[in-house]
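# Descriptive structure summary
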Amino acid sequence: MKKNLFLLSAVVLSGVMLSCASSEDIDNGETKEVVNMLSDPEPIQLTQEQKLFAKDNNGFTLNFLKTVNSMDKSGKSFIYSPLSITYVLGMVNDAATGQTEQELEQTLGFHQGGIQAVNDYCKKLIDGLPKVDNTVTLNIANAIFLNKEYTLKKQFQKDMENYYDAKAEALDFKASGTLKHINGWCNDKTNGMIPSILDDINPNMVSYLLNAIYFKADWASKFDQKNTKEEKFTTDKGQTKLPLMHQNVLISYLRNDTYSAIEMPYSNGYWNMTVMLPEEGKTTDDIINRISQCGSLEGHGFCGTMGDTYKAYEVDLKLPRFETSSDTDELGNDGLVGLMRSMGIKQAFDSDFAEIPNMCENSYLFISMMRQKAKIKVNEEGSEAAAVTVAGMYSYTSVGPVEYPKATFHANRPFVYAISEASSGVILFVGKFTGV
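Here the structure is a predicted model, which means the values were calculated and not measured.

## Examining the environment of Leu 339
- Locating Leu 339 in the fold gives a position in helix 8 (residues 335–343).
- The exposure class assigned to Leu 339 is buried, which follows from its relative accessible area of 0%.
- Among all residues touching Leu 339, those that are not within four sequence positions of it are Phe 64, Thr 67, Val 68, Met 71 and Leu 331.

Okay, here's the thing in structure tokens:
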């Protein structure tokens, strides 16, 4: 049977605006005010099955974090969005059957729930996440750029429109302007954070599928720039100096024998950045191993054996101003394809055994390449984060006057962090900052 090249690509990105400056002044260790950053979010209305999906898809996210951490030997900081991969493979799953579908759903945490259930869950997040906080900007966009020489199957095209809001656009893949057009869509949907996703267009490709998420929000309490100072930051290779932002906040805090953690809310508190700092004698590897084994960020009811819960503390907080960029192609070992295989998705990448017959007319497909780029910027006024994932396929044919306990949380050494939505627990980004 003649083999034709098919590329499926998805772009998932988020720009996260984390503005954090409190109304307090910090001067020689004296604070005038403690800012209350505790808030009760409005929940997304998930069904019981979808709550299980969210919980176990977070397990996939943290397992991804552990796998990337073990593959990346550079010692550099990184950030990724496993939710991006979930959307990409969710679209692939819509066209899959048999063992290929089972592996996709099982690895992503959907327990072979079936195509309809996976599509409903993805649609629920696309529709629900932007509505949990009207002071936060969250835009989710999807697109299908189709080689004009090919035709999508009607049911697949219908599902992409109904569940992913993606409409097919036929293009000439031999035309020089096609690359600019697709990358222009990527640049527009990421607000310029990721200006391009493709280096070139293969004229034999059948289609590029793109998914984009843009998220922008202020911290609930902004950092005052005058309190930012160059201070020592201990890396794995010694000490350096980095700008550390500083404020005192009333915030959710957790401490166990492996790490201490805070939940930094954005805006009205529906979105959070969880920052996890290793305890004395522990490392970021210990944190990642623990939370990946647990299957959650802990303290959220998903990991009863650990017994950790977040409580309100008055925290003396220091957090670096930083910028990180990542690319799975730099991981080696076949990059993202190799990573997905090691996590349990094998058949979808196998040209002989992949069962993905329901995407394109007269074509049997397998995933031939995947890649993700990601970027985050954090400073006193805020931050932006973006992740872009590409998958390529080859085809055949208010608080009262209460006294709170105090804690010190100075992120002056490597730490792990995640950005998530509080009511559903869905994690958008995971990362590690090493100071390098």
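Still more ground to cover, so stick around.
## As for the sheet that holds strand 6 (residues 137–147)
- Ordered in space as 7-6-8, the three strands form an open sheet in which the pairing is mixed. This sheet does not close on itself; its edge strands, each paired only once, are strand 7 (168–171) and strand 8 (207–216). When strand polarity is set aside, the average angle formed by the axes of neighbouring strands in this sheet is 25°.
- In terms of strand pairing, strand 6 meets strand 7 through four bridges, oriented parallel. The residue bridging Asn 147 from the neighbouring strand is Leu 171, located in strand 7.
- Running over the sheet, helix 2 (residues 82–94) touches strand 6 and strand 8 and is turned about 145° from strand 8.
- Here helix 6 (residues 177–189) sits on the sheet in contact with strand 6, strand 7 and strand 8, set at roughly 165° to strand 6.

## With respect to the packing of helix 4 (residues 115–128) against helix 5 (residues 154–164)
- Packing of helix 4 against helix 5 brings their axes to within 8 Å, and their N-to-C directions diverge by 40°. Here helix 5 runs oblique to helix 4, going by the angle between their axes. In contact with Gln 116, Asn 119, Asp 120, Cys 122, Lys 123 and Ile 126 of helix 4, helix 5 contributes Asp 159, Asn 162, Tyr 163 and Tyr 164.
- By residue class, the composition of the contact of helix 4 with helix 5 is four nonpolar, three polar and three charged.

## Some thoughts on the packing of aromatic side chains
- Summed over all chains, the structure comprises 16 aromatic pairs.
- Ring centres of Phe 322 and Phe 433 lie 4.5 Å apart, and the angle between their planes is 35°; on these two criteria the pair is classed as tilted. Take Phe 322 and Phe 433: they sit in the same class, and that class is buried.
- Ring centres of Phe 415 and Phe 433 lie 5.4 Å apart, and the angle between their planes is 40°; on these two criteria the pair is classed as tilted. With Phe 415 in strand 18 (residues 415–421) and Phe 433 in strand 19 (residues 427–433), the pair connects residues that are 18 residues apart, well separated along the chain.

## Structural notes on the pattern of salt bridges
- Taken as a whole, this structure holds 13 salt bridges when the rule is applied.
- Across the salt bridge formed by Lys 55 and Asp 56, the nearest N and O atoms sit 3.1 Å from each other.
- In this structure Asp 56 comes out as buried when scored by relative accessible area, which is 17%.
- Asp 188 is paired through a salt bridge with Lys 189; the nearest N and O atoms lie 3.9 Å apart.
- Classification of Lys 189 as partly exposed rests on a relative accessible area of 29%.

## Re the side chain of Glu 421
- By secondary structure assignment, the location of Glu 421 is in strand 18.
- With no salt bridge to any partner, buried Glu 421 finds its closest opposite charge in Lys 124, at an N-O distance of 11 Å.
- A polar contact of 2.7 Å, which involves the side chain of Glu 421, links it to the side chain of Ser 423.

## Topic: helix 7 (residues 284–294)
- For helix 7, the complete set of buried residues consists of Thr 284, Ile 287, Ile 288, Arg 290, Ile 291, Ser 292 and Cys 294.
- Elements that come into contact with the buried residues of helix 7 comprise helix 1 (48–71), strand 11 (259–266), strand 12 (271–278), strand 18 and strand 19.
- Where helix 7 ends, the next residue or the one after it, Gly 295, has phi of about 85°, a positive value.

## Regarding the environment of Tyr 121
- With respect to the helices and strands, Tyr 121 occurs in helix 4.
- Judged by relative accessible area, Tyr 121 falls into the buried class, the value being 1%.
- Residues Tyr 121 and Phe 53, spaced 68 residues apart in sequence, show a C-alpha to C-alpha distance of 7.8 Å.
- Beyond its immediate stretch of four places on either side in the chain, Tyr 121 contacts Gln 50, Phe 53, Ala 54, Phe 110 and Val 426.

## What about unusual backbone geometry?
- In this structure, Asp 165 is a non-glycine residue whose phi angle is positive, near 50°.
- The topology assignment puts Asp 165 in the loop between helix 5 and strand 7.
- Owing to a relative accessible area of 38%, Asp 165 belongs among the partly exposed residues under this scheme.
- A positive phi angle is found at Asn 333, which is not glycine, with a value near 55°.
- With respect to the helices and strands, the residue Asn 333 is situated in the loop between strand 14 (322–327) and helix 8.
- For Asn 333, a relative accessible area of 62% puts it in the exposed group.

About the thresholds
Residues numbered from 1 in each chain as written. Predicted model: local features only at pLDDT ≥ 70, side-chain atom pairs only at ≥ 80, totals over all residues. Heavy atoms only, no water. Helix = DSSP H or I, 4+ residues; strand = E, 2+ residues; numbered from the N terminus. Buried < 20%, exposed > 50% of the residue type's maximum accessible area, 1.4 Å probe, protein only. Contact = heavy atoms within 4.5 Å. Pairing = 2+ DSSP bridges. Axes fitted to C-alpha atoms, helices over the stretch in contact; angles between N-to-C directions. Parallel < 35°, antiparallel > 145°, perpendicular 65-115°, else oblique. Nonpolar A, V, L, I, M, F, W, Y, C, P; charged D, E, K, R; others polar. Phe/Tyr/Trp six-rings, centres within 6.5 Å; stacked < 30°, edge-to-face > 60°. Salt bridge = Lys/Arg side-chain N within 4 Å of Asp/Glu carboxyl O. Lys, Arg positive; Asp, Glu negative; His and termini not counted. Polar contact = N/O pair within 3.5 Å; in protein donor to acceptor, adjacent residues only side chain to side chain.

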